[in-house]
Amino acid sequence: MNTKEFIESGILESYVLGLATEEEQHEVNQRVLTSSGFADYLVDFEKNINGYFLQNAVPPPPAVRELIQLRTAKTDIQKAGAHTYYDIPVDTEKKDDFLDIEVNDTYIKVHKWWRPAFIAVFVLSKIFLIAGLYYYFKASSQQEEIDKLKTEILSRQQ
Amino acid sequence: MNELERLNDNSGHQSVSKPSGPLTSLEVYDKYGAMAYGIILQIVPQPNLAQEVLVNVFSSPLLQSCNSYPFTFAVCVIKLARAKAVEAKRKLMTIGTVSAEHTNNSHESTPELIFDLAFRQGFSPEEVAEKLHISKSEVLKAFHEFFKSFPHS
C-alpha cells in the first residue's frame, strides 16, 4: 500500500479516534518514522482534526479545574511516596512537601496544645476576677468599719 | 524523564502544536479542556456525568503515560476523552438499544452516520460494518471522508 492509498484507507483517522487495532497502530507508527510524505500529511491532518473538535469545544465550569488540581496533586504525593529516596530528583523532592492549594473555607487549624492552654487562661482569669471582687468588697467593708469606729470614738470624746 | 517530557523533547517530526517544554496535567487541561469537554458531551450529554468524566480524563495516569508518539497532546486527549466517555456511557445504558435505533432510522451509510456510530455511540469499526452491512475498510474510508469534508481551521 503506497502513502496515498494508506492515507485514503482511513486507518490514520481510526488510530486518532482510538479505534485502530494493535496491528494498525503499529503500521501508523512505522509510516510516520519511514515516510516523510506521510509525516508532512500529518501536520495538515492534525490541523484538520483539531479544527473539527475545537468547533465543538465547550468551556467547562471553573470548579472542574480545581478538582483536577486537587486530584493530580494527590496523585503526585502518592507517586513520591512510592519512590525511594534516591529515585526522587533533588529539585522535585522539596517541591513535593508543599501543596499549592487554595482553600476557601473560613476555619483555621492550630496545635492541639492550644486547647488546654486556652482553658487554663480562661480558668485563671475567672479566679483573678473573683479574687479581685472579693478583696474589693472586703476592703470597702473594712473601710466602713473603720469609719464607724472613728465616729464612735469621736462621739465618746465629746 | 517521564513520558510527557519524552514526548515533548522529541526532536524528530514536528507536530502542529507541539509545546516547547514539558506540560503538566493542568496545563494540558487549560489548553484542551474545552475540546475534551465538548467531545465528552457529544457522547455523554448529561453535564454532571460529563464533568466527572472530564476530571477522570485529566487526573488519569494515562495522560502522563500517553504514548501517542508522534501525535500531539490534542490527539492523546481526543482518544482518552472518547475512551473514558464511552466507558461511562456503557455503564449507563446498553449499547444494543441505541444501535437498533440508528440502523432502523438510517437508509444510507453516510460518513456522518458511520462516524456517529463509531465515535459517539462507542461501536468498533467491525460492529459498525456488521450493522450497516458494509466492509470494515469502507467504515475506515468513511472516517477519512468525514474529516476531509471539514475545512482546515
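Given the structure is predicted, the values throughout are model-derived calculations rather than measurements.

Topic: a negative patch on the surface
Taken together, the side chains of Glu-144, Glu-145, Asp-147 and Glu-152 of chain A present a region of like negative charge at the surface. With respect to the helices, strands and loops of the structure, Asp-147 of chain A is situated in helix H7 (residues 114-157).

What about the interface of chain B and chain A?
Taken together, the 54 residues of chain B in the interface contact 48 residues of chain A. For the pairing of chain B and chain A, the buried interface totals around 4500 Å² over both sides, and the portion due to carbon and sulfur atoms is 69%. There are 2 salt bridges connecting chain B and chain A. For Glu-24 of chain A, the salt bridge identified is with Lys-136 of chain B, shortest N-O distance 3.0 Å. In this structure, the connection of chain B to chain A is made through 9 residue pairs in polar contact (both at pLDDT 80 or more). Here the side of chain B that touches chain A takes 12 residues from helix H2 (residues 25-43) of chain B, the largest share from any one element. A per-class count over the side of chain B that touches chain A returns 28 nonpolar, 18 polar and 8 charged.

Quick notes on the pattern of salt bridges
One pass over the full model with this rule turns up 4 salt bridges over all chains. One salt-bridge network, held together by shared partners, links Glu-24 of chain A together with Glu-126 and Lys-136 of chain B.

What to know about the packing of helix H7 (residues 111-120) of chain B against helix H9 (residues 136-148) of chain B
Relative orientation and spacing of two packed helices are given, respectively, by the angle between their axes and the distance between those axes. Residues and elements named next belong to chain B. It is at 8 Å that the axes of H7 and H9 come closest, and there the two elements cross at 110°. In terms of orientation, H7 and H9 fall into the roughly perpendicular class. On H9, the residues touching Pro-111, Glu-112, Ile-114, Phe-115 and Ala-118 of H7 are Val-139, Ala-142, Phe-143, Glu-145, Phe-146 and Phe-147. Class assignment for the residues of the contact of H7 with H9 results in 9 nonpolar, no polar and 2 charged.

Considerations on the confidence of the model for chain B
All names here are of chain B. The predicted model of chain B averages 74 in pLDDT, with 70% of residues at 70 or higher. The model gives residues 1-19 a pLDDT under 50, and that stretch makes 43 contacts with residues more than four places away or in other chains. A low-confidence stretch, residues 98-104 (pLDDT under 50), is modelled with 10 contacts involving residues beyond four sequence positions or located in other chains.

Digging into the side chain of Gln-121 of chain B
Residue and element names in this part refer to chain B. Looking at the secondary structure, you find Gln-121 in the loop between H7 and helix H8 (125-132). Its relative accessible area of 10% is what places Gln-121 among the buried residues. Here Lys-89 takes part through its side chain, which lies 3.3 Å from a polar atom of the side chain of Gln-121.

A few points about the packing of aromatic side chains
Counted under the stated rule, the structure contains 14 aromatic pairs over all chains. Between Phe-53 of chain A and Phe-147 of chain B, the ring centres sit 6.2 Å apart and the planes meet at 50°, which makes this aromatic pair tilted. Of this pair, Phe-53 of chain A sits in helix H4 (residues 36-55) while Phe-147 of chain B sits in helix H9, each in a different chain. Taking relative accessible area as the criterion, Phe-53 of chain A reaches 1% and is therefore assigned buried. One cation-aromatic arrangement involves Arg-31 of chain A over Phe-6 of chain A; the distance from NZ or CZ to the ring centre is 4.5 Å. Residue placement shows Lys-79 of chain B over the ring face of Tyr-15 of chain A; its charged tip is 4.5 Å from the ring centre.

Here is what the cut-offs are and how they apply
- Residues numbered from 1 in each chain as written.
- Chains lettered and ligands numbered in written order.
- Predicted model: local features only at pLDDT ≥ 70, side-chain atom pairs only at ≥ 80, totals over all residues.
- Heavy atoms only, no water.
- Patch = residues over 30% accessible without salt bridge, like charges linked within 9 Å, V, L, I, M, F, W, Y side chains within 5 Å.
- Areas by Shrake-Rupley, 256 points an atom, 1.4 Å probe, with all protein chains shown as cover.
- Salt bridge = Lys/Arg side-chain N within 4 Å of Asp/Glu carboxyl O.
- Lys, Arg positive; Asp, Glu negative; His and termini not counted.
- Charge placed at Lys NZ, Arg CZ, Asp CG, Glu CD.
- Helix = DSSP H or I, 4+ residues; strand = E, 2+ residues; numbered from the N terminus.
- Contact = heavy atoms within 4.5 Å.
- Buried area = accessible area lost by both parts, 1.4 Å probe.
- Polar contact = N/O pair within 3.5 Å; in protein donor to acceptor, adjacent residues only side chain to side chain.
- Nonpolar A, V, L, I, M, F, W, Y, C, P; charged D, E, K, R; others polar.
- Axes fitted to C-alpha atoms, helices over the stretch in contact; angles between N-to-C directions.
- Parallel < 35°, antiparallel > 145°, perpendicular 65-115°, else oblique.
- pLDDT = per-residue confidence, 0-100.
- Buried < 20%, exposed > 50% of the residue type's maximum accessible area, 1.4 Å probe, protein only.
- Phe/Tyr/Trp six-rings, centres within 6.5 Å; stacked < 30°, edge-to-face > 60°.
- Lys NZ or Arg CZ within 6 Å of the ring centre and 35° of its normal.

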